[in-house]
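# Breakdown of the fold
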Amino acid sequence: MKKRLFLILWLAGIVGVLSFLLVDLSALIALLPAQQGDPSEIPHPALLKLASVLQPAVLTTIAVLVGVLLAGRVGLHSPAAEAWAEGEDPIVPLRRQIVPGIVAGIAGGAVIALSWVIARPFLSAEFIDRAEGFNKLMPHAVRLLYGGFTEEILLRWGFMTFLVWAGWSLFQQGTGEPKPVYFVAAIILSSLLFGIGHLPIASVLNNGLEMPIVVFVITANSIFGIIAGFLYWHRGLESAIIAHMFAHVVLITAMALAL
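These lines cover the structure that appears in this document, whether it is placed above or below. Values in this document were obtained by computation on a predicted structure and should not be read as measured data.

Assigned secondary structure in the protein consists of 11 helices and 0 strands. For the protein, the C-alpha radius of gyration of 19 Å lies close to 18 Å, the compact-globule estimate for 259 residues. Considering only C-alpha atoms, the protein reaches an extent of 55 × 40 × 35 Å along its principal axes. The 259 residues of the protein split such that 44% are buried. Across the protein, every contact between residues at least 6 apart in sequence was considered, and the portion connecting residues at least 24 apart equals 79%. Just so you have it, the protein exposes about 12,900 Å², and 72% of that area is on carbon and sulfur atoms. Here the protein carries 14 positive and 15 negative side-chain charges, and the mean point of each set is 8 Å from the other.

Written out as structure tokens, the structure is:
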């Protein structure tokens with residue numbers, strides 16, 4: 001069953017990774033401040049595409065393996081995927097995750113959009129222009145598939161699960177049910193990592209980081225990470241995936257309405 005569960009979640013994560021191949025890297029590179037320098041320093045687009053899928057593919061594989069080995073031991077689950085791996089109907093456990101995922105995703109997307117509105121007066125005009133251009137160049141499929149499947153597998157199924165297991169093993173010697181404090185701490189830490197993980201692209205777009213950008217990026221993404229973390233804990237991984245997808249639906253809609 002664990003082998004089948006690994007394959008199901010790995011394929012879901014890899015679909016998100018491969019969606020990066022849809023990105024127009026030439027247009028994206030032209031948007032970046034680095035283009036003001038020597039164009040010969042920029043790697044060939046084919047090499048960039050390979051790098052864009054190779055690293056996340058390796059990390060996804062590790063995250064899926066960690067979750068498969070440790071999630072069940074600390075009471076965390078991917079109910080629909082587990083049912084499918086056991087030869088049962090995955091729709092039944094998925095049903096109880098759909099509505100919480102949609103509601104939380106809409107709320108999370110609204111929070112991120114509102115955070116952008118609040119932060120915008122404190123951000124440089126150059127960063128705003130490049131960030132909006134970057135968002136327009138990012139295909140919807142990448143947002144939905146990489147954000148929904150891959151990032152949730154990396155941050156929740158892999159990293160958050162590991163943190164809960166580490167706290168449980170270290171402070172409870174791996175006996176009994178993990179205390180809620182381990183879940184809360186893991187949710188906060190994985191959410192902060194989720195926010196910090198968005199800083200490199202923000203730095204590239206701004207040609208360096210400034211405090212308003214750091215505060216906005218970490219705060220907006222960490223808030224959603226907390227929402228997704230609690231969904232994973234109380235409902236299952238699929239609810240966090242659904243929430244992540246619907247958060248992007250809200251953001252895609254907000255960007256369309258702003259045109």
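Still to come is the rest of the account.
Let's shift gears to the packing of aromatic side chains. Going through the model one piece at a time under the given rule, you end up with 8 aromatic pairs. With centroids separated by 4.8 Å and ring planes inclined at 65°, the aromatic side chains of Phe20 and Tyr146 adopt a geometry described as edge-to-face. Of this pair, Phe20 sits in the loop between helix H1 (2–18) and helix H2 (25–31) while Tyr146 sits in helix H7 (residues 140–171), and the two are 126 residues apart along the sequence. Look at Phe20 and you get partly exposed, because its relative accessible area is 21%. Accessibility expressed as a relative area gives 15% for Tyr146, which makes it buried. Among the aromatic residues, those joined into a ring-pair cluster are Phe183, Phe230 and Trp233. Sitting over the face of the ring of Phe194, Arg156 holds its NZ or CZ atom 5.5 Å from the ring centroid.

Here the focus is the pattern of salt bridges. Counted according to the given criterion, the structure contains 2 salt bridges. Between Arg120 and Glu132 there is a salt bridge, with its nearest N and O atoms 2.7 Å apart. Note that Arg120 is positioned in the loop between helix H5 (91–119) and helix H6 (125–137) and Glu132 in helix H6, a separation of 12 residues in sequence. For Glu132, a relative accessible area of 29% puts it in the partly exposed group. Ionic pairing is found between Arg156 and Glu152, a salt bridge with its closest N-O pair at 2.7 Å. Taken together, the residues span about one helical turn, with Arg156 and Glu152 both in helix H7 at a distance of 4 residues. The same class applies to Arg156 as to Glu152, namely buried.

Take helix H9 (residues 199–206) next. Listed as buried for H9 are Leu199, Ala202, Leu205 and Asn206. The buried side chains of H9 occupy one side of the element, clustering within an arc of 125° when seen end-on. Lining the buried residues of H9 we find H2, H6, helix H8 (180–196) and helix H10 (211–234). Once H9 ends, the next one or two residues include Asn207, with phi positive near 60°.

Turning next to the packing of H8 against H10. Between H8 and H10, whose axes approach to 7 Å, the crossing angle comes to 145°. Relative to H10, H8 is oriented so that their crossing is right-handed. Between H8 and H10, the residues in contact are Pro180, Phe183, Val184, Ile187, Ser191, Leu192, Phe194, Gly195 and Ile196 and Val217, Ile218, Asn221, Ser222, Phe224, Gly225, Ile226, Gly229, Phe230 and Trp233, respectively. Residue classes in the contact of H8 with H10 are distributed as 13 nonpolar, 6 polar and no charged.

Moving on: the environment of Ala71. Locating Ala71 in the fold gives a position in the loop between helix H3 (45–70) and helix H4 (79–85). Ignoring anything within four residues of it in the chain, the contact list for Ala71 reads Val66, Leu76, Trp157, Thr161 and Tyr232.

What follows is about the packing of H5 against helix H11 (residues 237–258). Contact geometry for H5 and H11: axes closest at 6 Å, N-to-C directions at 40°. As far as their axial angle goes, H11 and H5 are oblique. For the pair H5 and H11, the crossing hand works out as right-handed. For the pair H5 and H11, the contacting residues are Leu94, Gln97, Ile98, Gly101, Ile102, Ala104, Gly105, Ile106, Gly109, Ala110, Ile112 and Ala113 in the first and Leu237, Glu238, Ser239, Ile242, Ala243, Phe246, Ala247, Val250 and Leu251 in the second. Looking at the contact of H5 with H11 residue by residue, the classes come out as 15 nonpolar, 5 polar and 1 charged.

Cut-offs used in this document
- Residues numbered from 1 in each chain as written.
- Predicted model: local features only at pLDDT ≥ 70, side-chain atom pairs only at ≥ 80, totals over all residues.
- Heavy atoms only, no water.
- Helix = DSSP H or I, 4+ residues; strand = E, 2+ residues; numbered from the N terminus.
- Rg over C-alpha atoms; globule rule 2.2 N^0.38 Å.
- Buried < 20%, exposed > 50% of the residue type's maximum accessible area, 1.4 Å probe, protein only.
- Contact = heavy atoms within 4.5 Å.
- Areas by Shrake-Rupley, 256 points an atom, 1.4 Å probe, with all protein chains shown as cover.
- Lys, Arg positive; Asp, Glu negative; His and termini not counted.
- Charge placed at Lys NZ, Arg CZ, Asp CG, Glu CD.
- Phe/Tyr/Trp six-rings, centres within 6.5 Å; stacked < 30°, edge-to-face > 60°.
- Lys NZ or Arg CZ within 6 Å of the ring centre and 35° of its normal.
- Salt bridge = Lys/Arg side-chain N within 4 Å of Asp/Glu carboxyl O.
- Arc of directions from axis to C-beta.
- Axes fitted to C-alpha atoms, helices over the stretch in contact; angles between N-to-C directions.
- Left-handed = near helix turned anticlockwise from the far one by under 90°.
- Nonpolar A, V, L, I, M, F, W, Y, C, P; charged D, E, K, R; others polar.
- Parallel < 35°, antiparallel > 145°, perpendicular 65-115°, else oblique.

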